[in-house]
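Spelled out from the first residue to the last, the chains are:
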Amino acid sequence: MALKAIDASRLTCNPFEMLSKQWALLGAGNLEKFNMMTVSWGAVGVIWGKPSVTVYVRENRYTKTFIDADDTFVLSFLKDGHRDALNVLGSKSGRDMDKMHESGLTPVAIEGGVTFEEAALVLVCRKRYAQDMPKENFLQDETLEKWYPDGNYHTMYIGEIVAAYAAD
């Protein structure tokens, strides 16, 4: 794998572009047993004096069981040309099939979890906070109507970026 350690506080990328347009893979576990899902919501910034990532995972996602069980999660941004893999990992469940294999990506161990050889940027995050997002906390009905018509809410996770890697 051609990833090198970098200082996360020196990142100059546009997180809006990276998350909403490029998408990322969110995962947890180890090479023996892990799961990843595609994400396009989240935030990168500073909280509690540390570079951090905020991600959101719906209650019914298989990946959530891995994130809840581990102390860390990994956010991987792939190199260009892997949209098909992102679509597979975002639309299929690891409960029902070996979507990691079907994605065509090459999993590799990394400090705190798993990423793929095809990653351009990897953020390893130590969980610092988790909060369910219950219906009664939403302040606008249109948010509920548009994003949660079936009542399948998210859990918000904040993770401190403890390691970052970029492709050569």
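Structure: see above.
What counts as what
- Residues numbered from 1 in each chain as written.
- Predicted model: local features only at pLDDT ≥ 70, side-chain atom pairs only at ≥ 80, totals over all residues.
- Heavy atoms only, no water.
- Polar contact = N/O pair within 3.5 Å; in protein donor to acceptor, adjacent residues only side chain to side chain.
- Helix = DSSP H or I, 4+ residues; strand = E, 2+ residues; numbered from the N terminus.
- Disulfide = S-S within 2.5 Å.
- Buried < 20%, exposed > 50% of the residue type's maximum accessible area, 1.4 Å probe, protein only.

Participant: Would you take a moment to explain helix H1 (residues 15–22) for this structure?
Facilitator: Since one α-helical turn is 3.6 residues long, residues separated by three or four positions face the same way. Two or three places before Phe-16, at the start of H1, stands the capping residue Asn-14, its side-chain oxygen 2.9 Å from that residue's backbone nitrogen. Residue Trp-23 follows H1 closely and has a positive phi angle near 75°.

Participant: Is there a simple way to explain unusual backbone geometry in this structure?
Facilitator: Most peptide bonds take the trans form, and the phi angle of most residues other than glycine is negative. The phi angle at Trp-23 is positive, at roughly 75°, despite the residue not being glycine. Among the secondary structure elements, Trp-23 is positioned in the loop between H1 and strand E2 (24–30). One non-glycine residue with positive phi stands out, namely Trp-48, at about 55°. Relative to the helices and strands, Trp-48 is located in the loop between strand E4 (43–47) and strand E5 (50–58).

Participant: Could you clarify how one ought to interpret the state of the cysteines in this entry?
Facilitator: All told, the structure shown has zero disulfides when counted by the stated rule. No disulfide involves Cys-13; its sulfur sits 13 Å from that of Cys-125, the nearest cysteine. On the accessibility criterion, Cys-13 (35% relative accessible area) is partly exposed. Judged by its relative accessible area of 0%, Cys-125 is buried.

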